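Breakdown of the fold
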There are 2 protein chains.
Amino acid sequence: MARNITPRQENYSQWYLDVIKAAELADYAPVRGCMVIRPTGYSIWESIQSKFDAAFKKTGHVNAYFPLLIPDSFFRKEAEHVEGFAPELAMVTHAGGEKLEEPYAVRPTSETVIGSMYSKWIQSWRDLPVLINQWCNVMRWEKRPRLFLRTSEFLWQEGHTAHETAQEAREETLRMLEVYRSIIENEIAIPVLAGEKTAGERFPGAVDTYTCEAMMSDTKALQAGTSHFLGQNFAKAFDIQYQNREGELDYCWTTSWGVSTRLIGALIMTHSDDDGLIVPPRIAPVKAAIIPISKDESVAENDILPKAKELSAKLDDELGGMFTKVDTDFHARPADRFFTHLQKGVPLRLELGEKDLAAGTVRIVRRDTGAKIDAANDKVVETVKNLLDEIQSNLFTKAKTFRDNNTHDASSYDELKEIIESKGGFVRAYFGGTPEDETRIREETGATPRVIVPGDHKGKCIITGNEGARLTVFAKAY
Amino acid sequence: MARNITPRQENYSQWYLDVIKAAELADYAPVRGCMVIRPTGYSIWESIQSKFDAAFKKTGHVNAYFPLLIPDSFFRKEAEHVEGFAPELAMVTHAGGEKLEEPYAVRPTSETVIGSMYSKWIQSWRDLPVLINQWCNVMRWEKRPRLFLRTSEFLWQEGHTAHETAQEAREETLRMLEVYRSIIENEIAIPVLAGEKTAGERFPGAVDTYTCEAMMSDTKALQAGTSHFLGQNFAKAFDIQYQNREGELDYCWTTSWGVSTRLIGALIMTHSDDDGLIVPPRIAPVKAAIIPISKDESVAENDILPKAKELSAKLDDELGGMFTKVDTDFHARPADRFFTHLQKGVPLRLELGEKDLAAGTVRIVRRDTGAKIDAANDKVVETVKNLLDEIQSNLFTKAKTFRDNNTHDASSYDELKEIIESKGGFVRAYFGGTPEDETRIREETGATPRVIVPGDHKGKCIITGNEGARLTVFAKAY
């Protein structure tokens, strides 16, 4: 049993990798920059997926599947899009033993190929809106890979919608931003600032990009989900025309939006501690590990295990959809068995020993605080339920307090530079500059504009000095 | 409203494509040999996936995700495997603006890359069995594509397991074959012969391959799912060794098994008719379409629609997990509205008109037989439930009777040839020949050995004349 997790204070990057390794979430693949998502990590992804998928369906979206490969020429149809993605493309040049006439790119995102299909499917206003989502793998070649955060291949969902009017498309963009915010905050317990991106941080080809921006426990920012208003840019590039209510041909207004396995990286870096992973109860595939223990292995297996299984069935049954796991690693030392579940971030550990059985209690240990509670047998279900709710709420509050404590205001560019350098975190300042100004700030401070603070906050730009600049959060980011 | 489905008798291939088009299941993509799975088709896939995924989890399997790309050299480690897949590979040769040192293949199946990870993860018998499944896209370059049946990219699941003993691995292979048989027969209502493949039809690299073999409504065979006992072939190629209970190093025994979006092709060609798609109720994403109708559009919308919504909610509520859809295409003619749902294969149509409302009844129309039933309001839930059960069972029985009626016995090779040519269908004959004999039979008759009939049927081989040959089904196949 190796408890080899580097403390965060010592080396945050190594801590992150150690947490992933100890929890068996993912592993580097024998393909440059790619990862394997191991069963424990994938079960968290399935849990995240199910929350989003239900919300997409509830808001009228349907799933579909579009091809992995995209003709090279498609990218060239939208100038900004090709410029943004060309450096990251992986190209299929040969197939079936022959050189292809035109190379194909492995999709980095699917606006182009989906646009080409929408152009075929959409004829009239009666066909609108089209509200389609796709769960799939995408590839963006990565020179400095980092598990879950930046890998050459990752899993995600991409929503692509087409509408009659700009207003409808804008409403859709914001509706999905709110779906993202709500699930990321309420289920994954990660507080986010949901707002607009500055011009320099927009998705290549978008008119406006919105983001859910989170703060990790090293005070760096992480973009956890984005929603784009694409205007008529892709509709014009791919000829997505429809006959409007007046009988005239018009271009659709489109949106796209996505979240990815990056969210698992965000989850790790928001909640986990020096002992390893912490998973918020609503996302945790296993919410409680039940551990029958005794100094005598045969007592544990023959006398206590049946009680543990009974308790597991009772919890699953009465708490509906709650998953418990009974630990049967009797050959290992109790402390090591405890540590395994702790490192995997299971929200609650339920210890069942001879003393507990005799006393008619179960010892419950919280993953987030380490607090130990002895619950009487007839109170276990209620106690577990309440503790899971408390842990969920505690993790969110803790992360929000941390973010708020690490958010600062700067009234000048010098002050912004100073805070980024000395304290890090989120720095709020009025900004009304150009993408070129953003580049300069990044080169000089390492920070980028992450999100425009929601609400009508206007003031004097710290770069140009012009009035009417919007309050913007700057930070170093993943 | 185009009712342009070519009759099966006239042109079966065109009928198949017309059914897909009319139901909006899939479309050819602007990438050679690839398809787009449209929302209606994808919702059937989601339904199929959920049945299999639940069964995999119930039998102790967990999901994970392995990389899309596989180093070219990996294929060469297993001689039969590379020979089988090399002609179908799509190769990534450039990425991130540079030529790759070693080209990567887009996975056609993942035994190799998963084997390389198992070699890292598995150390001791305590790590076994490893029971992992992956849902993903795969690519096998296809020169003669056909929607759902043969496309260069398709979606599937691939299970990959590693065990201590040959016996355990063999049991796993047969366990998953039975999971496949049970879901394909009981949920998708497709009768199959679940048994072993002959040597010439084995998966490249497998010791034994088992299949679920179905008959389509043109009497051709379709392989609906396969399960492979891989022996120690891949364990040796990828060095998957473990310390056994005696403390010695040993190679694992592995299996792999998969079903794909091909099952949607099988569903179409088993159940559908000249009016279009028929989806078995247990798989149907929409089990009943409720259609409020009136000559007066405003009556339909204002008076009848609320009743339809009420009925929909009642059915969903009381039949739990049953999905109804209320049709609101009031601008279309009732006959066209009926036909839309009919072409999409919705099991039941519930018509709600002024007369029905006055009489306190609902008119229910079965998709499979066209039978019309007027159910009293207080009997609607029960009637719908019973009808769905009846349709499910009717579809299976009909397909099984069709298969049995089109299965013939041949006692000589000449007879086999004659039956294949004159009648088609499944031809049962004793066969104990070599892969070369199989090639000769295919070249001379167009038929291949599809499956060895389960049970201990032995006799004199129609090719070699040797005794002890196994009763084998021959057929032309998709």
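That block above? That's the structure.
Residues numbered from 1 in each chain as written. Chains lettered and ligands numbered in written order. Predicted model: local features only at pLDDT ≥ 70, side-chain atom pairs only at ≥ 80, totals over all residues. Heavy atoms only, no water.

1. What about unusual backbone geometry?
Which entries qualify depends on this criterion: Secondary structure elements follow DSSP: runs of H or I of four or more residues count as helices, runs of E of two or more count as strands, with numbering from the N terminus. For each residue, the accessible area found with a 1.4 Å probe, counting protein chains only, is set against the maximum for its type, and the residue is called buried under 20%, exposed over 50%, and partly exposed in between.
Here the bond from A:L128 into A:P129 is cis, since omega is -5°, no more than 30 degrees from zero. The phi angle at B:E24 is positive, at roughly 55°, despite the residue not being glycine. Mapped onto the fold, B:E24 is located in the loop between α1 (12-22) and β1 (26-28). Here B:E24 falls in the partly exposed class, since its relative accessible area comes to 33%.

2. Describing the interface of chain A and chain B
Note the cut-off: In this description, contact between two residues means that some pair of their heavy atoms is separated by no more than 4.5 Å. Using a 1.4 Å probe, buried area is obtained as the accessible area two parts lose upon being combined, added over both of them. A pairing counts as a salt bridge when a side-chain nitrogen of Lys or Arg comes within 4 Å of a carboxyl oxygen of Asp or Glu. A 3.5 Å cut-off defines polar contacts: any pair of N or O atoms within that distance qualifies, except that in protein one atom must be a possible hydrogen donor and the other a possible acceptor, and neighbouring residues in sequence count only when both atoms are side-chain atoms. Residues are grouped as follows: nonpolar covers Ala, Val, Leu, Ile, Met, Phe, Trp, Tyr, Cys and Pro; charged covers Asp, Glu, Lys and Arg; every other residue, Gly included, is treated as polar. Any two strands with at least two DSSP bridges between them are considered paired.
Taken together, the contacts link 55 residues of chain A with 55 residues of chain B. For the pair chain A and chain B, the two sides together bury roughly 4,300 Å², of which 62% comes from carbon and sulfur. When residues of chain A are sorted by the area they lose upon contact with chain B, A:P30, A:Y65 and A:W121 head the list and together hold 14% of the total. For the pair chain A and chain B, the interface holds four salt bridges. One salt bridge connects A:K57 with B:E46, and the closest N-O pair in it is separated by 3.0 Å. Here chain A is connected to chain B by 29 residue pairs in polar contact (both at pLDDT 80 or more). Broken down by element, the side of chain A that touches chain B gets its largest block of residues, six residues, from strand β5 (residues 90-95) of chain A. In terms of residue class, the side of chain A that touches chain B is built from 35 nonpolar, eight polar and 12 charged. When β5(A) meets strand β5 (residues 90-95) of chain B, the two strands line up antiparallel, connected through five bridges. Bridge assignment links A:A90 to a residue of β5(B), and that residue is B:A95.

3. Side note on the nonpolar core
A general tendency of soluble globular proteins is for nonpolar side chains to be buried together. Going by this rule: Side-chain atoms within 4.5 Å link the members of a nonpolar core, which is a set of buried Ala, Val, Leu, Ile, Met, Phe, Trp, Tyr and Cys residues.
In terms of nonpolar packing, the biggest core is built from 204 residues, with A:F52, A:F148, B:F52 and B:F148 touching the most fellow members. Listed in part, the 28 residues of the second largest apolar core include A:I304, A:L305, A:L315 and A:F330.

4. Here we look at the packing of helix α13 (residues 413-422) of chain A against helix α14 (residues 435-445) of chain A
Residue and element names in this part refer to chain A. Stated precisely, the cut-off is as follows: To obtain each axis, a line is fitted to C-alpha atoms, and for helices this fit is confined to the stretch in contact; angles are then taken between N-to-C directions over 0 to 180 degrees. With respect to orientation, any angle under 35 degrees is reported as roughly parallel, any angle over 145 as roughly antiparallel, any angle of 65 to 115 as roughly perpendicular, and every other angle as oblique. Two helices crossing with the near one rotated counterclockwise from the far one by less than a right angle form a left-handed crossing, whereas a clockwise rotation gives a right-handed crossing.
At a closest axis distance of 10 Å, the pairing of α13 and α14 adopts a crossing angle of 40°. Relative to α14, α13 is oriented oblique. Both α13 and α14 take part in a crossing whose hand is right-handed. The segment α13 lies against α14, with Y413, L416, K417 and I420 engaging R440, I441, E444 and T445. Considered class by class, the residues forming the contact of α13 with α14 number four nonpolar, one polar and three charged.

5. Brief notes about the sheet that holds strand β17 (residues 348-352) of chain B
All names here are of chain B. The strand order across the open sheet built from five strands is β16-β15-β17-β18-β19, with neighbouring strands paired in mixed fashion. Each edge of the open sheet is held by one strand with a lone partner, namely β16 (324-326) and β19 (372-376). Here the average twist between neighbouring strands, direction ignored, is 25°. Sheet strands touched by helix α10 (residues 334-343): β15 (288-292) and β17. Its angle to β15, the strand with the most contacts, is close to 175°. In this fold helix α12 (residues 380-405) packs onto β17, β18 (361-366) and β19, with an angle of close to 5° to the strand it touches most, β18.

6. Quick notes on the side chain of B:E111
Spelled out, the test is: Here Asp and Glu are counted as negative and Lys and Arg as positive; His is not counted, and neither are the chain ends.
On the secondary structure map, B:E111 appears in helix α5 (residues 111-121). B:R140 provides the closest opposite charge to the buried, unpaired B:E111, separated from it by 6.6 Å.

7. A closer look at the packing of aromatic side chains
Residues and elements named next belong to chain B. Threshold: Geometry of aromatic contacts follows a simple scheme: Phe, Tyr and Trp rings, the Trp one being its six-membered ring, pair when their centres are within 6.5 Å, and the pair is stacked under 30 degrees between planes, edge-to-face over 60, tilted otherwise. Sitting over a ring, as applied to charges here, requires NZ of Lys or CZ of Arg to be within 6 Å of the ring centre and within 35 degrees of the ring normal.
Taken as a whole and judged by the stated rule, the model has 32 aromatic pairs over all chains. The positively charged end of K77 is found above the aromatic ring belonging to F74, 5.3 Å away from the centroid. One cation-aromatic arrangement involves K220 over Y478; the distance from NZ or CZ to the ring centre is 4.3 Å.

8. Quick look at the relation of the copies chain A and chain B
What counts is decided by this rule: The copies were overlaid by least squares, fitting only the C-alpha atoms of residues that reach a pLDDT of 70 or more in each copy.
Laying chain A over chain B is done by rotating through 180° and shifting 0.0 Å along the axis; what remains is an RMSD of 0.0 Å. Each copy turns onto its partner about a two-fold axis. Relative to the rotation axis, the C-alpha of A:V92 is the closest in chain A, positioned 2.1 Å from it. The share of interface residues of chain A whose copies in chain B are also at the interface is 100%, consistent with both copies meeting through the same surface.

9. Considering the sheet that holds strand β15 (residues 288-292) of chain A
Residue and element names in this part refer to chain A. Ordered in space as β16-β15-β17-β18-β19, the five strands form an open sheet in which the pairing is mixed. Since the sheet does not close on itself, it has two edges, and those belong to β16 (324-326) and β19 (372-376), each with one partner. When strand polarity is set aside, the average angle formed by the axes of neighbouring strands in this sheet is 25°. Summarising the sheet, strand β17 (residues 348-352) and strand β18 (residues 361-366) pair through four bridges and their orientation is antiparallel. Following the sheet pairing, L350 is matched in β18 by I364. Taken strand by strand, helix α12 (residues 380-405) contacts β17, β18 and β19, and its axis lies near 5° from that of β18.

10. A look at a negative patch on the surface
All names here are of chain A. Cut-off, in case you're wondering: Patch definition: residues with relative accessible area over 30% and no salt bridge; like charges joined within 9 Å; nonpolar side chains (Val, Leu, Ile, Met, Phe, Trp, Tyr) joined within 5 Å. Working definition of accessibility: Shrake-Rupley area with a 1.4 Å probe, residue cover restricted to the visible protein chains. By convention, the charge on Lys lies at NZ, on Arg at CZ, on Asp at CG and on Glu at CD.
Together, D296, E297, E301, D303 and E354 line one region of the surface with negative charge. A total of three residues in the negative patch trace back to one element, the largest contributor, which is helix α9 (residues 297-319). Following the sequence through the fold, E301 ends up in helix α9.

11. Quick notes on the pattern of salt bridges
Applying the stated criterion to the full structure yields 60 salt bridges over all chains. The salt bridge partner of B:K458 is B:D456, with a shortest N-O separation of 4.0 Å. Note on B:D456: relative accessible area 67%, which makes it exposed. It is possible to trace a salt-bridge network through shared partners that takes in A:K197, A:E201, A:E213 and A:R450.

12. Examining α12(B)
This is how it is decided: What a helix should span is 1.5 Å times the count of its residues minus one.
For α12(B), with 26 residues, the first-to-last C-alpha span of 36 Å sits near the 38 Å given by 1.5 Å per residue. Those residues of α12(B) that sit buried are B:V380, B:V381, B:T383, B:V384, B:L387, B:L388, B:I391, B:Q392, B:L395, B:A399 and B:R403.

13. As for empty space enclosed by the protein
Any empty space left between atoms is shown by rolling a water-sized probe over those atoms. For clarity, the threshold we go by: Cavities and pockets are defined on a 1 Å grid built over the protein atoms alone: a cavity is a set of grid points where a 1.4 Å probe fits but cannot escape, while a pocket is an open set with protein on both sides within 12 Å along at least five of seven lines, and lining residues are those with an atom within 4 Å of any such point. Grid points are joined across faces, edges and corners, and a volume is the space filled by probe spheres set on the points.
Within the structure shown, the criterion is met by two cavities of 30 Å³ or more. By volume, the largest cavity is sized at about 70 Å³. Looking at the largest cavity, the residues that line it are A:E111, A:I114, A:G115, A:Y118, A:H160, A:T161, A:L230, A:F234, A:I240, A:T254 and A:T255. With four residues, helix α5 (residues 111-121) of chain A is the largest single contributor of residues to the lining of the largest cavity. Looking at the lining of the largest cavity residue by residue, the classes come out as five nonpolar, five polar and one charged. The calculated volume of the second largest cavity comes to roughly 60 Å³. Residue lining of the second largest cavity: B:E111, B:I114, B:G115, B:Y118, B:H160, B:T161, B:L230, B:F234, B:I240, B:T254 and B:T255, and that is the complete set. For the lining of the second largest cavity, the elements supplying multiple residues, two or more each, are α5, β8 (153-163) and β14 (253-260) of chain B. Top contributing element to the lining of the second largest cavity by residue count: α5(B), with four residues.

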